[in-house]
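Overview (structure and organization)
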Amino acid sequence: MALAADRREAPAPAAPSGIARQERVEAASGYLFALPAALLMLAIILGPSAVVIAMSFTNYELGAIDWGWIGLGNYGEMLSDRTFWRSMRNTFVYVLIVVPSSVLLGLAIAIMVQSRIRARRFYEVAFFLPVTTTLVAMAIVWSFVLHSRIGPVNAFLQLLGFEAVGFFTDPDTVLFSLALIGIWQLVGFNMILFIAGLSSIPRDLYDAAAVDGADGWLDRFLRVTWPMLGPTTMFVVVTTCITAFKVFDTVVVLTDGGPLGASEVLLHSIYLEGFQYFRIGYASALTVAFLVFILVFSLVQAWVIDRNVHYR
Amino acid sequence: MSTTAEPSPLALTPVATLSVAGARIANAARLVAVHALLILALVFVLGPIIWMLTTSVKPANEIFQAGIDFMPRNPQPITNYSDAFASVPLLQFMMNGVIVCAGILVVQLLTSIPCAYALAKIRFRGAPVVFALVLLGLCIPIQVPALPLYLAFAQLGLLNTYLGLMLPFFLSVFAIFLFRQFFRSFPDEIIQAARVDGMSEFEIVWRVVVPSAWPAIAAFSVFSVTAHWNDLYWPLIVVSKDALATPPLGVAFFFDAETGSDFGSMMAAATLVSAPLIIAFLVAQRQFIQGITMTGLK
Amino acid sequence: MQRLAQLLTATAIAAVATATVPAAVADVEIEVYHAWPSHKRFHEPIAAEFMEANPGITVTFRTPGPTYDDAHQAVLRGALTGELPDVFHSGYHLLRQLSTTLAARSQIIALDDLMAAEGQEWIEANYAPNVLNLGTVDGVFYGMPFNASTPIVYYNMDLVTAAGGSADALPEDWDSLIALGAKIAASADDVDGMAYDVHAWPDDWLWQALMYQEGGSLMNADETEVAFGNDIGLRGLELARRIVTEGGMPMLDFKESRQQFCAGKLGIIFSSTAGVRRFTECSGDNFALKTHTFPVVDKENGGVPTGGNAAVILSNDAEKKAAAWKYLKFIAGPRGQEIAVLGSGYMPTNKRAVEAEFLGDHYDNNPNWVTSLNQADRAQKWVGYPGNNGVKIWRTQREIIDAVMRGQIEPQEGLDRMVAETQALLPRN
């Protein structure tokens, strides 16, 4: 929120005459310009979100005629609901796999690609390609590539003498397989953000480090690159967290939460409770839980952007 | 190749004790290693896409014949694609995708640009409040207001309409945020001069400020179209007719247990649905990458 | 600015162009909703012929629901939000829940009067009593039976032969089936024995089959309690587990298992007769396909559940109702059934469909299609649970069955949990 207050620009010097009138006109058009957006924002984002919070204290079910306020009843049910805890756990495991892998891989690739000259453009485009693909369509491709029995990856593993892996059918593996798809789509995105960050590191810092006796790439990385990339890294981590936390498409298309509920994630639970079983009140409570986590991530992000801006 | 000329974290520091030739050999070895690693990563990244393309032109009997035979032996460039077109209205889905993405984008620009301008360049008392709302809105993904929106849309008869598909996205708080940042760097002198010339604020926005903001608009457009072309959650909730299904929804519906064993046409359908964005990306790589980078939030 | 203007103009033109595509002019339009996207291949041609014969009526389709259970929930949701289709193909097991819920809201049409108006002679000429019974709930005829199927066994004869089996001696009981599965699994590295995918099935059809084949049932006579909390239920779970441990069944998901069979890497798969057409096509030149009847332990009382769906009318509008009734008569008439049968492998619900003019000698020439008819005398009603939780009950049960089949819990423990958790989701009275 600090963004609003402290970085507004100083008022432009105005002409000495007719100031008051001009300011009135200006202010009026300010309100006029902001009005449609503000109304829409209330109607489609903030208003409904407030309604969700209110509904989470009711036992409303779709079409129900008598319903009432039940206080924290839904939250109580949530805390004792095995499915809820399972989807929380699965969602966090997913995030914990996807975030470090896609961030570190993105960083490594960015460093390698950024120092290329002729091949740089090619690598950037190639690695970025998955970001532009339609995840639902690619999920179907992955379901084939990672088929437990007749997929090419398993054919390859067996050729090397390994057992076939039930990528989407083994409860111990399924989250990793979904995470693999998540990483696949995020790596290029993170790479591009890191390249942008790397390009803004002044070259004389490396020269200075060399004078200080930093030789070898690891030394240079630890002394210059990593500290200078700090804000970028934070930003990438938070963005990736939010994206990973919203995992849904691949679950719906590939596993429907199975096998044995091992890929049941929070958004999928909300979808099932709200739109399949029509338990709006309970689904609202789940949504509030979802919102809380997103808000935490977002606050961290806002703080990062804030710091990021100061840096420049 | 003169990689050392480029300042980079990986570039070699010439070490006095090494002979020039030795440095060259080490340099070449490093170069080979870096490319090898990158190519290995490329196999992971491009593998599924290439697999999709080659399988989409394989005849049915080749698809399972050899588990890891990449290239088709008797390519059939047409069959699987015509099967895919015959079994699902793919063109309809893509047309719907175009309509929905275009509709959303146009309204987003119309609503967010004036608001962003007001926040960046106009002094009015409500500004901090509006901006606070923008920041709050930034944190709320569509899944949060989805339930009440669904109930309201049902009441208003907006389920299974284009408007129902688009309305929740008519305002992009993110666009406001992005454009505000961009407009702030626009010189105040020019705006003042325009005001002195008697231009209305409306004219200033659309005729003075917007033309200079083209990069930001292009960047945002890329972001918006990519997001809404690929969105599954909201269409899944509001649409139950082929006539309105967007590409991901259409493909998801198509992927049932029985048609699912027809991999050739599945891959053809996947290729067709992914093609528009991939081609657009390959044609306008720079704008795409810039767009996604500038709009970092996803 | 100019480029933005161009963009705006271009999109505006595109939007206008699509908006002005003339809508088909028709007197009555009925909207039909069915499950299973692959069923399009017979629904659409039937509707096309119907429209040709009835120029005043246009039939449109909703995007098919992925499964019966998904479609059912979507219709219930539509009932609450005013988004009902005019005709819906309800899975037999959910027909009762659907009609009870919608009848209370006056959103479903009882078809008895419409049937009676056609005359007894017409009814008898077209429909057998046991078929009509499939669409009847507590004495009221709500659903016109459209598809009917029973579970059968599909064999990849190449793999069976390689494992020492033969077409003349296909297994008639579970023990020899499991033994054959084991032999097939042992015959090659990249091949699995058999699949009885009850743990992954989108509805409880194959679970009911395990109960029925021993003469068991789902609920007790007055429908207050779960009836499989007994030896039959226990043996059902033990059998499912044995198929995995002894019969060489891989624990795949619903799609993967079908894909594996089509790829020629799975010896035996249990599935609906509705898949005959699809499996015949996908086996193609790759392997020889043969179907066989479902093994039944209790030859006296044992049976198989009748899968499929009945068409219900959900519109109160007089014109639409009349048009929908015409449509139902056509799709469940001899010509409609001919197309439906040939497009899938379902059994005809109309007596006249087997006449020479329609299916004719199709069954004589296609032995794989006859299997389901051969066990038609064992076909029983595929029933649902009372109350509104049918879909959720199966999601709950399925996960427990899955855990038993994977050996995570013992069959007895699984059965106890199934009974308790099902009972908790039944109406309390």
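Criteria and cut-off values
Residues numbered from 1 in each chain as written. Chains lettered and ligands numbered in written order. Predicted model: local features only at pLDDT ≥ 70, side-chain atom pairs only at ≥ 80, totals over all residues. Core = buried A, V, L, I, M, F, W, Y, C linked by C-beta atoms within 7 Å. Buried ≥ 20, exposed ≤ 12 C-beta atoms within 10 Å, placed from the backbone. Contact = placed C-beta atoms within 7 Å. Axes fitted to C-alpha atoms, helices over the stretch in contact; angles between N-to-C directions. Helix = DSSP H or I, 4+ residues; strand = E, 2+ residues; numbered from the N terminus. Parallel < 35°, antiparallel > 145°, perpendicular 65-115°, else oblique. Left-handed = near helix turned anticlockwise from the far one by under 90°. Nonpolar A, V, L, I, M, F, W, Y, C, P; charged D, E, K, R; others polar. Pairing = 2+ DSSP bridges.

What about the nonpolar core?
- A269(B) and A270(B) are the most contacted members of the largest nonpolar core, which has 308 residues in total.
- The contact partners of A270(B), leaving out residues within four places of it in the chain, are A137(A), M138(A), I140(A), V141(A), M52(B) and V251(B).

Some remarks on the packing of helix α11 (residues 231-245) of chain C against helix α19 (residues 411-425) of chain C
Residue and element names in this part refer to chain C.
- The N-to-C vectors of α11 and α19 enclose an angle of 125°; their axes lie 9 Å apart at closest approach. Viewed along their axes, α11 and α19 adopt a mutual orientation that is oblique. Helix-helix and strand crossings are classified by hand; for α11 and α19 the assignment is right-handed. From α11, G233, L234, L237, E238 and R241 reach across to α19, where they touch P411, Q412, G414 and L415.
- For the contact of α11 with α19, a count of residues per class yields four nonpolar, three polar and two charged.

Structural notes on the environment of R62(C)
- Within the element layout of this structure, R62(C) appears in the loop between β2 (57-61) and α3 (68-81).
- Taking the C-alpha atoms as reference points, R62(C) and W174(C), 112 residues apart in sequence, are found 41 Å from one another.
- When sequence neighbours within four positions are dropped, the list of residues in contact with R62(C) reads S240(B), K241(B), E31(C), Y33(C) and P85(C).

With respect to the interface of chain A and chain B
- Taken together, the contact pairs 95 residues of chain A with 91 residues of chain B.
- Take the side of chain A that touches chain B: its biggest share by element is 19 residues, from helix α2 (residues 19-55) of chain A.
- Here the residues of the side of chain A that touches chain B sort into 71 nonpolar, 16 polar and eight charged.

Re the interface of chain A and chain C
- Each partner contributes to the interface: chain A provides 17 residues, whereas chain C provides 17 residues.
- Here the residues of the side of chain A that touches chain C sort into eight nonpolar, eight polar and one charged.

Here we look at the pairing of strand β9 (residues 266-272) of chain C
Residue and element names in this part refer to chain C.
- Within β9, seven of the seven residues are buried, which leaves it mostly tucked inside the rest of the structure.
- Inspection of the sheet shows strand β7 (residues 151-156) paired to β9 by five bridges, in the antiparallel sense. Across the sheet, the residue bridging to Y154 is I269, located in β9.
- Relative to β9, strand β8 (residues 192-195) is paired through three bridges, and the arrangement is parallel. By the bridge assignment, A195 is partnered in β9 with I269.

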